Amino acid sequence: PVTLLDRQRHRERGIAPQVGRFAARLHAVYLTLPEFVAASRSNPIVFGEVESKVFQPLAVTGLEPDRNLCVDATGDWLPTFYCPAYVRRYPFCTAQVRGDASAMQSVILVDEQGLGPQPPHLFDARGEPTPRWRELMRFIEEIDAACRQTDAFCAAIAGLGLLEPFEADVNPVLGHRKRVTGMWRIEEARLNALPADSLADLMQRGFLARIYAHLMSLDNFHRLLELDVARTRAV
């Protein structure tokens, strides 16, 4: 169960081994804006519509539901694929709650199934933070900041009308034809037709480089297809 991280309740607890194996059934993983360049070298980056006109970026990790091609048979991430911060942050996440004077503040939650008795512990026997927890807390704070950047980026490209829905037809040598749906991408023709001031704004905010990383990453569907075919043959 996910609960508020508490230094007394969770004292002398560490992160359970192989905790990232929860992602073995994820065929797409949330991606933050600062990760685009690294992820684009191995995975297609697409956008999913969370609600009407609200989008989030996703690293595609599989060609069908419940099957992640970026992990090995045990569920551990393959070194040839980028492992998103969303996976590396587990078992922690953050939430916004209303604090004093009705101001919203961020709190850290933990999935207790991802904790165990093994060191390094997050908090010592007295409930004091350890160096390991301070390191993790910095990482969680960095991801929170990256999520805010990502929201701004998605709002900007959606506001400019750059996104279009698309499907990927996958025709493997063996097995059935697959069609990956529910994805959005930036249409390059719309990007090229933007007025100069809009392009300049995207460039100054660091968004234009990420847009091109996304566009180039779409070639990685072929890489996933090759891996899917190889695994089908091996079965």
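To be clear, the structure that these remarks concern was listed above.
Residues numbered from 1 in each chain as written. Predicted model: local features only at pLDDT ≥ 70, side-chain atom pairs only at ≥ 80, totals over all residues. Heavy atoms only, no water.

## Let's talk about the side chain of Thr-130
Put simply, the rule is: The secondary structure listing takes helices from DSSP runs of H or I that are at least 4 residues long and strands from runs of E that are at least 2 residues long, numbered from the N terminus. Residues are treated as being in contact if the distance between any of their heavy atoms lies within 4.5 Å.
Turning to its location among the elements, Thr-130 is positioned in the loop between strand S8 (115-116) and helix H3 (131-159). The residues contacting Thr-130, other than those within four sequence positions of it, are His-121, Leu-122, Phe-123 and Asp-124.

## What about the sheet that holds strand S1 (residues 2-4)?
Paired through their backbone hydrogen bonds, the strands of a sheet run either parallel or antiparallel. Filter applied, for reference: Strand pairing is defined by DSSP finding a minimum of two bridges between the two strands. Note on definitions: angles span 0 to 180 degrees between N-to-C directions of axes, and those axes are lines fitted to C-alpha atoms, for helices only across the stretch in contact.
Here three strands make up an open sheet; going across it, the order is S1-S7-S6 and the pairing antiparallel. Looking along the sheet, the strands with just one partner apiece sit at the ends: S1 and strand S6 (92-98). Across the sheet, the axes of successive neighbouring strands diverge by a mean angle of 40 degrees, strand direction being ignored. For S1 and strand S7 (residues 104-111), the ladder comprises three bridges, and the chain directions are antiparallel. Across the sheet, Leu-4 pairs through a bridge with Leu-109, a residue of S7. Docked against the sheet, H3 engages S6 and S7, running at close to 65 degrees with respect to S6.

## Overview of the pattern of salt bridges
Worth spelling out the cut-off: Between Lys or Arg on one side and Asp or Glu on the other, a salt bridge is scored when a side-chain nitrogen of the former is within 4 Å of a carboxyl oxygen of the latter. Exposure classes here rest on a 1.4 Å probe applied to the protein chains alone. A residue is buried below 20% of its type maximum, exposed above 50%, and partly exposed in between.
Throughout the structure, instances matching the rule amount to twelve salt bridges. A salt bridge links Glu-135 to Arg-132, with the nearest nitrogen and oxygen atoms 3.4 Å apart. With Glu-135 and Arg-132 both in helix H3 and three residues apart, the pair spans about one turn of that helix. Exposure remark for Arg-132: the relative accessible area of 28% places this residue in the partly exposed category. A salt bridge links Asp-201 to Arg-205; the shortest N-O distance between them is 3.5 Å. Overall, Asp-201 belongs to the partly exposed group, its relative accessible area being 33%. One continuous salt-bridge network, built from bridges that share partners, spans Glu-64, Arg-67 and Asp-228.

Geometric values such as these leave the question of function open.
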